[in-house]
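# Report on the structure
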Amino acid sequence: MDRSRDEVWTECLGIIRDNISRQSFRTWFEPLRAVGLVEEGGEVKLTVQLPSRFYYEWLEEHYFGLLRKTITKVLGPGGRLYYDIVIERDEPAGAGHGRGSSMELPARQPANVPPPASERPPPADLPAGVTPPRPPADARPDAGRPYRADAGRGAARRPAPAAPAAAEAAHPAHPFAIPGVRPIEVDPHLNDSYTFERFIEGDCNRLARAAAWSIAQAPGATSFNPFMIYGGVGLGKTHLIQAIGNYARANGHARTVRYVSSEMFTAEFVQSIQTNRINEFSQFYRGIDILIVDDVQFFGGKEKTQEEFFHIFNELHQQGKQIVLSGDRPPRDIAGIEDRLLSRFGWGLTADVQPPDVETRIAILNRRATDDGTRVRDEVIEYVATHVKSNIRELEGALIRLQAHAALTSREIDLDLARDVLKDLIKESRPQLTIEAIQSVVCDYLAIPEDLVRARTRKREVVQARQVAMYFSKEITKHSLKTIGLHFGGRDHSTVIHAVRSVDDQIETDPSFREMVVAVRKKLELHQR
C-alpha cells in the first residue's frame, strides 16, 4: 500500500464533504480519524475511530450509502470499512482497567451478537417522548470488556449459530451493521381516530385531502415536501395531517413519525437548553421519517426556536424525509418568522381548507351520528347544517349537545328539541362583517368620506380612519392581509401590518384614541345583529 491511512481518509473526507451540508460534515465526519490501514487477503481494510456507539448508529442510519460508495471509489472493490468504537467504562480507576476501552467492528458480522450492556443509554438520557429499546435477552455478561470480532475470518469471542441460508438471502447483512443495535422507539403522538376514512371530503378541502393522500403513500418521494395546510380553526387541519402519519405507519411507509405542536416543540427545545441536551434534541428530530408540526404560526417571535427548527428542516429535507406543517394563515402572512424559514415553507405545496359548504356539513353530521350510534332525522341534520356554519368543531359540538339533552331527558331528537337546545348557539352564529361594511361604519363614526380610505391621500384624519378600518378588518374578517390591503386602494400586506401595530400602540398610550376604538367596536357589534 503506497498511501498512508491519513491520506486515504483525507481523500474520503473530500468526497463526503462535497455530498453533504457543511454543518453535517462538521458534526459527523470532521472529528473522525483513521487509526489503521492494512492489506490482507486481497482486501484493503480502513479502520476509523468513532467516539461512541451512538455515532455509529447515526452514520449507519443516514450515511451508509455515501460511505459505501466513497470506500469503493477510494480503495476499489476490495475496500472494507471497519470501526474502532471507544467504550466508556463506569468501573473505579483502581479496578485495573483504564478509563475506557475500544471495540473494533468489521464491515460484516453475525447479526445475533448482542451489543455491550454498558453501551445502552439510560432512559434519562433520551429525549422526551422516547422509550429506550429493551435489552436483548442474550446480552453478554462481559459487556464492558474489550471485544474484537472479525467476520471476514469467521472468528468471534462468542460463537453464534449460523443463520439459515434462506434467511440470509431474504435479509442480507448490512455492510456496516453493528449487531444488536436497535432503533429507539418514538412516540408518534398521533390520534388513532384521525384517518382518511373518517375525513369527509368536499370542495372546501379537496386539494388538501388529495395531496395528503398522495404523501401518505410515498412520504418524501413526491414534490409536496414540505406540505403545508392552512385555514381557520376547526376546519380539519389537524385531522388531515395526522391521517398522513397514521396511514404511513399502518402501511409500513415510514418507520418513525412524530406529530408535535409548535408550542410543544418550543417547550422541548427550552427544556433541552436547561438540561444541556441540545445535541440530543437536535439529533432526535433529525432522525424522524415524517415530522408533522401543527400551528407553525406560534413560532413567531421565538428566534432561537426558529433557528433550531431551520437546521432540522434543512437536514430532513436533504435526507428526503417528509415534513408536514399546518397554520392558520398562508406562510407569507405569518408575522414574526424569519424570511429564510418562510421561504422554505413554500418549497413544496401549500393548500388551504375553507369552511365546509352545506352539503359537506350534512355529510359530516351524518358520519358523526353514525359513529356515535345515534339516529337523527334528516330534517334535524339539515337544520343544524344550515344554521351552524363557522367550523366543523362547532358543528359537531352542536350535535353532541343534542345527543346529551336527548339522553338526559329521554326525548327523541326532533326539530323542536333542536330549536330549543341550540337557540343560544344559533343566535350567536351571526353573519361576518365584510370589509366594505367595516369601512362604512368606521368612516361614518369618524365623519370621513368612505372613498378617501381607498384613495392615496395621506391626510392625518384619513390615515387614522384607514388604519382603524384595517385593524378591525384584520380582527373580524378571515381575509388575508393581502386581500385586506387590496380593499384599501391596492395597498400591500406590509401596510396592513403597520396599521395594526400602529393602532395597538395608540390604544396602549392614548386614552382618547382607546375610547374611540371601543366606541367603533360597539357600533360594529350592533351592525352584526
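In this text the structure is predicted, and so the values were computed from the model without any measurement.

### Things to note about unusual backbone geometry
- At the junction of asparagine 225 and proline 226, the peptide bond is cis and its omega measures out at 5° in the coordinates.
- Along the chain, proline 226 falls in the loop between α6 (206–217) and β8 (227–230).
- The backbone of histidine 189 sits at a positive phi, close to 60°, despite the residue not being glycine.
- Looking at the secondary structure, you find histidine 189 in the loop between β7 (185–186) and α6.
- By relative accessible area, which is 27% here, histidine 189 ends up partly exposed.
- Of note in this structure, asparagine 276 is not a glycine but carries a positive phi near 55°.
- On the secondary structure map, asparagine 276 appears in the loop between α8 (262–274) and α9 (278–286).

### Regarding the side chain of threonine 256
- Assignment of secondary structure puts threonine 256 in the loop between α7 (237–250) and β9 (257–261).
- Only 3.4 Å separates the side chain of threonine 256 from the backbone oxygen of glycine 287, close enough to count as a polar contact.
- There is a polar contact of 3.0 Å between the side chain of threonine 256 and the backbone nitrogen of aspartate 289.
- When neighbours within four sequence positions are excluded, threonine 256 is seen to be in contact with Val186, Gly287, Ile288, Asp289 and Ile290.

### A few points about the pairing of β8
- Here β8 shows no split at all, with Phe227 and Ile229 on one side and Met228 and Tyr230 on the other all buried.
- Pairing between β8 and strand β12 (residues 349–352): four bridges, direction parallel. The residue of β12 that forms the bridge with tyrosine 230 is aspartate 352.

### Some remarks on the packing of aromatic side chains
- Taken as a whole and judged by the stated rule, the model has 19 aromatic pairs.
- Ring geometry for phenylalanine 269 and phenylalanine 281: centres 5.7 Å apart, planes at 50°, overall tilted. With a gap of twelve residues between them, phenylalanine 269 in helix α8 and phenylalanine 281 in helix α9 connect regions that are remote in the sequence. Across the pair, phenylalanine 281 and phenylalanine 269 agree in class, each one buried.
- Aromatic pair phenylalanine 309 and phenylalanine 345: ring centres 6.5 Å apart, planes at 65°, arrangement edge-to-face. Highlighted residues: phenylalanine 309 in helix α10 (residues 303–319) and phenylalanine 345 in helix α11 (residues 339–345), separated in sequence by 36 residues.
- According to the relative accessible area criterion, phenylalanine 309 is buried, its value standing at 0%.
- Assessed through its relative accessible area of 0%, phenylalanine 345 is described here as buried.

Conventions adopted
- Residues numbered from 1 in each chain as written.
- Predicted model: local features only at pLDDT ≥ 70, side-chain atom pairs only at ≥ 80, totals over all residues.
- Heavy atoms only, no water.
- Helix = DSSP H or I, 4+ residues; strand = E, 2+ residues; numbered from the N terminus.
- Buried < 20%, exposed > 50% of the residue type's maximum accessible area, 1.4 Å probe, protein only.
- Polar contact = N/O pair within 3.5 Å; in protein donor to acceptor, adjacent residues only side chain to side chain.
- Contact = heavy atoms within 4.5 Å.
- Pairing = 2+ DSSP bridges.
- Phe/Tyr/Trp six-rings, centres within 6.5 Å; stacked < 30°, edge-to-face > 60°.

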